[in-house]
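As a plain string of letters, each chain reads:
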Amino acid sequence: MNRGRRTRRNDNVRRMVRETRLSKDSLIYPLFLEEGSDIKAHIDAMPGQYRYSPDRVHEIIDKCLDHGINKVILFGIPACKDSVGTQAYDEDAIVQSGIRKIKEEYGDEIYIVTDVCMCEYTDHGHCGILKDKEVDNDLTLPYLAKIALSHVEAGADMVAPSDMMDGRIEKIRRTLDEAGYSNIPIMSYAAKYASAFYGPFRDAAGSAPSFGDRRAYQMDYHNRREAIKESLFDAAEGADILMVKPALSYLDIIRDVKDRTNLPVAAYSVSGEYSMIKNAGKAGLLDEYKTMCESTVSIYRAGADILLTYYAMEIADAIQKGDIG
Ligand code: PBG
């Protein structure tokens, strides 16, 4: 007679039959670098998260390493912005100098991914170059390639374009290859939706568009097959890892991309997902730790191989303690 409860009787057997296994190795922590010195600025929209200037970034990296997290994705907050996002690709700009500083101190102890986009660096806050108030796809491509190359020249281990321009993976791949960096992988934000869940990030990075929104380049959340289309394009253009973003409201998309492609799948549990759990916990409405554990496992169960999350350190601790994984 079938009794499902036999394999749920105690922790030993429950752990034995777990279908989803987690590893700290798959976690990436998003880190905000701000131009200037002696900065550790709290991001009010994301309680517990900070922006660091390069001279203090070792504080957070040491903390990551203590928790067993050795991968970060860098975002830059420049001191000044202009219409063509000069501070995104200048060799002495915030991300480039931050990478050099981190690599000088830590070398290969820390794996650096960089977010390649223009929205934090343009005065209009859009992810590309404008022509008549519209982001011009093909005008933007050389800029994205220039940004990616400047990150790699500074020492980045992997680049992650998040702009959603068509053809950017191919353009970046060719540019890196021609410069002798054919061994640097590209993690594509392949299925990136136009999402309200990015709200707190735009506060953190000061990157809200000054007019309009991003729906002309980020995806419409009504669409599921389009995520496969985008993922297959990026795979064909040479992406090494495909990302789905956000994560929690897009678990079906994670599963689709996993089933329909052969590349590792990353999921980005974005700022709004973090802030919702954090603030609900603070308000006493939910158990923050348990909610974090459950939602994290759901993302892996959906098919994610890699997770970008502001909870990376707490999740690593939960895995260490055996609460999940
Ligand atoms: C840059 C970028 C964004 C995020 C990652 N890269 C913001 C956006 O597209 O508006 C969002 C990350 C988060 O919300 O945690 N384009």
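A brief look at the structure comes next. (Residues numbered from 1 in each chain as written. Predicted model: local features only at pLDDT ≥ 70, side-chain atom pairs only at ≥ 80, totals over all residues. Heavy atoms only, no water.)

On to the pairing of strand β5 (residues 111–116). In summary, the side chains of a regular strand alternate between the two faces of the sheet. Within β5, 5 of the 6 residues are buried, which leaves the element mostly enclosed by the surrounding structure. Strand direction decides the pairing type here: strand β4 (residues 71–77) and β5, joined by 4 bridges, are parallel. The residue of β5 that forms the bridge with I73 is V113. In this region the chain leaves β4, passes through helix α3 (residues 94–106) and returns to the parallel neighbour β5; the handedness of that crossover is right-handed. In this sheet, strand β8 (residues 158–161) lies alongside β5 in parallel orientation, the contact comprising 4 bridges. (Buried < 20%, exposed > 50% of the residue type's maximum accessible area, 1.4 Å probe, protein only. Helix = DSSP H or I, 4+ residues; strand = E, 2+ residues; numbered from the N terminus. Pairing = 2+ DSSP bridges. Right-handed = clockwise from strand over helix to strand, strands pointing away.)

Our next topic: helix α7 (residues 225–237). Working note: α-helix, 3.6 residues per turn, so residues spaced by three or four point in the same direction. For α7, which comprises 13 residues, the first-to-last C-alpha distance of 19 Å matches the rise-based estimate of 18 Å (1.5 Å per residue) to within 8%. The complete set of buried residues in α7 reads A227, I228, E230, S231, D234 and E237. Turning to α7, the residues buried within the fold contact α5 (168–178), β9 (187–192), β10 (241–245) and α8 (251–260). Where α7 ends, the next residue or the one after it, G238, has phi of about 110°, a positive value. (Expected span 1.5 Å × (residues − 1). Contact = heavy atoms within 4.5 Å.)

Here we take up the site of the ligand. Inspection of the region around the ligand gives 18 residues, with K192, R202, K245, S271 and Y310 positioned closest. In the environment of the ligand, a nitrogen atom lies 3.3 Å from a nitrogen or oxygen atom belonging to the side chain of S162. A total of 400 Å² of accessible area belongs to the ligand in isolation, and the protein chains cover 100% of it. Contributing elements (two or more residues each) for the shell around the ligand: β9 and α6 (199–205). (Near = heavy atom within 4 Å. Polar contact = N/O pair within 3.5 Å; in protein donor to acceptor, adjacent residues only side chain to side chain. Areas by Shrake-Rupley, 256 points an atom, 1.4 Å probe, with all protein chains shown as cover.)

A few words on a negative patch on the surface. A surface patch of like charges, here negative, comprises D62, D66, E104, E105 and E109. When you line up the elements, D66 lands in helix α2 (residues 57–66). (Patch = residues over 30% accessible without salt bridge, like charges linked within 9 Å, V, L, I, M, F, W, Y side chains within 5 Å. Salt bridge = Lys/Arg side-chain N within 4 Å of Asp/Glu carboxyl O. Lys, Arg positive; Asp, Glu negative; His and termini not counted. Charge placed at Lys NZ, Arg CZ, Asp CG, Glu CD.)

Right, let's get into the nonpolar core. Counting 102 residues, the largest nonpolar core has L27, Y29, L31, F32, M187 and I254 as its most contacted members. At 7 residues, the largest contribution of residues to this core is made by helix α4 (residues 137–154). The residues contacting F32, other than those within four sequence positions of it, are I43, M46, Y50, R51, Y52, F75, I77, F201, A204 and Y310. (Core = buried A, V, L, I, M, F, W, Y, C linked by side-chain atoms within 4.5 Å.)

Once that is clear, we can look at the pattern of salt bridges. Scanning the model with the defined rule gives 18 salt bridges in all. E170 is paired through a salt bridge with R174; the nearest N and O atoms lie 2.8 Å apart. Within this pair, E170 and its partner R174 are both found in helix α5, separated by 4 residues, close to a single helical turn. When its relative accessible area of 33% is taken as the criterion, E170 is described as partly exposed.

Before going further, it helps to spend a moment on a positive patch on the surface. On the surface, R3, R5, R6 and R8 cluster together into a patch of positive charge. Topologically, R5 is positioned in the segment before α1 (11–16).

The next subject is the packing of helix α10 (residues 288–302) against helix α11 (residues 312–321). Axis separation between α10 and α11 bottoms out at 11 Å; the angle between their running directions is 85°. Judged by the angle between their axes, α10 and α11 are roughly perpendicular. Between α10, through Y289, M292, C293 and T296, and α11, the contact on the second element is made entirely by E314, I315, A318 and K321. (Axes fitted to C-alpha atoms, helices over the stretch in contact; angles between N-to-C directions. Parallel < 35°, antiparallel > 145°, perpendicular 65-115°, else oblique.)

It is worth spelling out the packing of α8 against α10 at this point. The contact between α8 and α10 brings their axes to 8 Å, and the two run at 30°. As far as their axial angle goes, α10 and α8 are roughly parallel. Taken together, the residues of α10 that come into contact with α8 (itself represented by L251, I254 and R255) are S298, I299, R301 and A302. Looking at the contact of α8 with α10 residue by residue, the class counts come to 4 nonpolar, 1 polar and 2 charged. (Nonpolar A, V, L, I, M, F, W, Y, C, P; charged D, E, K, R; others polar.)

Geometry only, nothing functional implied.
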